[in-house]
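Residues per chain, in single letters:
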Amino acid sequence: MSENVAVSSDDDAGAKIAAGRQPALTGCPWHDVNEMLQVAGLRPTRQRMALGWLLFGKGARHLTAEMLYEEATHAKVPVSLATVYNTLNQLTDAGLLRQVSVDGTKTYFDTNVSAHHHFYLEGSHELVDIPDPHLVLQKMPEVPEGYEIARVDMVVRLRKKR
């Protein structure tokens, strides 16, 4: 591929929801989480509902499993860290979350599944959306035979000036 490729190209996150009916969201976090889970084909168990309410009830967010587990603990939601990981992976597989890997040891889950990119603030370990939708990658690498590019994730690491 020698032509320019727009980095913010459409991505398949949420494809399962897009293939079926759209969730009828009302603005009530509890109702909306229930609707989102059902449309995605996930049973709205008590734990999924509680974790979904914590995830989606506060707008667009970037959380690690450990951060969500800590929030759940403070909210008196009885879940294990393993359940948090399983639920985050199920929500990601269903297209309700987007996984963003910062390095080999830190993975964030983004409630905004649209095609966008991130700044990673090294000092505070915070992930922030990049507001520019027109980022362009000059040249894409040749893709091995039998493969296609599923999505391009750009994470720009930032640190305070010294």
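Conventions used here
Residues numbered from 1 in each chain as written. Predicted model: local features only at pLDDT ≥ 70, side-chain atom pairs only at ≥ 80, totals over all residues. Heavy atoms only, no water. Helix = DSSP H or I, 4+ residues; strand = E, 2+ residues; numbered from the N terminus. Buried < 20%, exposed > 50% of the residue type's maximum accessible area, 1.4 Å probe, protein only. Contact = heavy atoms within 4.5 Å. Areas by Shrake-Rupley, 256 points an atom, 1.4 Å probe, with all protein chains shown as cover. Axes fitted to C-alpha atoms, helices over the stretch in contact; angles between N-to-C directions. Parallel < 35°, antiparallel > 145°, perpendicular 65-115°, else oblique. Nonpolar A, V, L, I, M, F, W, Y, C, P; charged D, E, K, R; others polar. Pairing = 2+ DSSP bridges.

### Regarding the overall build of the protein chain
Step number 1: On a plain count of helices and strands, the protein chain comes out with 5 helices and 8 strands.
Step number 2: Overall, the protein chain shows an N-to-C arrangement of helices and strands of β-α-α-α-β-α-α-β-β-β-β-β-β.
Step number 3: Buried positions account for 33% of the 162 residues belonging to the protein chain.
Step number 4: For the protein chain, the share of sequence-separated contacts (at least 6 apart) that also reach a separation of at least 24 residues comes to 48%.
Step number 5: For the protein chain, the exposed area adds up to about 10100 Å²; of that, 53% sits on carbon and sulfur atoms.

### A word on the packing of helix α3 (residues 46–56) against helix α4 (residues 65–74)
Each pair of packed helices gets described by two things: the angle between the helix axes and the distance between those axes.
Step number 1: Taken N-terminus to C-terminus, the directions of α3 and α4 make an angle of 110°; their axes are 10 Å apart at the nearest point. Judged by the angle between their axes, α3 and α4 are roughly perpendicular. For the pair formed by α3 and α4, the contact residues are Leu51, Leu54 and Leu55 on the first element and Leu68, Glu71 and Ala72 on the second.
Step number 2: When the residues that make up the contact of α3 with α4 are grouped by side-chain class, the tally is 5 nonpolar, no polar and 1 charged.

### Concerning the sheet that holds strand β5 (residues 118–121)
Step number 1: The 3 strands are arranged β6-β5-β8 in an open sheet whose pairing can be described as mixed. For this open sheet the edge positions go to β6 (126–129) and β8 (155–158), each flanked by a neighbour on one side alone. Ignoring which end each strand starts from, the neighbouring axes of this sheet average 25° apart.

### Examining the sheet that holds strand β4 (residues 106–110)
For sheets, the rule is that strands pair by backbone hydrogen bonds, running either parallel or antiparallel.
Step number 1: The sheet built from 3 strands is open, its strands ordered β2-β4-β3 with antiparallel pairing. Of all the strands in the sheet, the pair left with one neighbour each is β2 (62–63) and β3 (98–103).
Step number 2: Where β2 meets β4, 2 bridges bridge the pair, whose relative direction is antiparallel. Paired with His62 across the strands is Asp110, a residue of β4.

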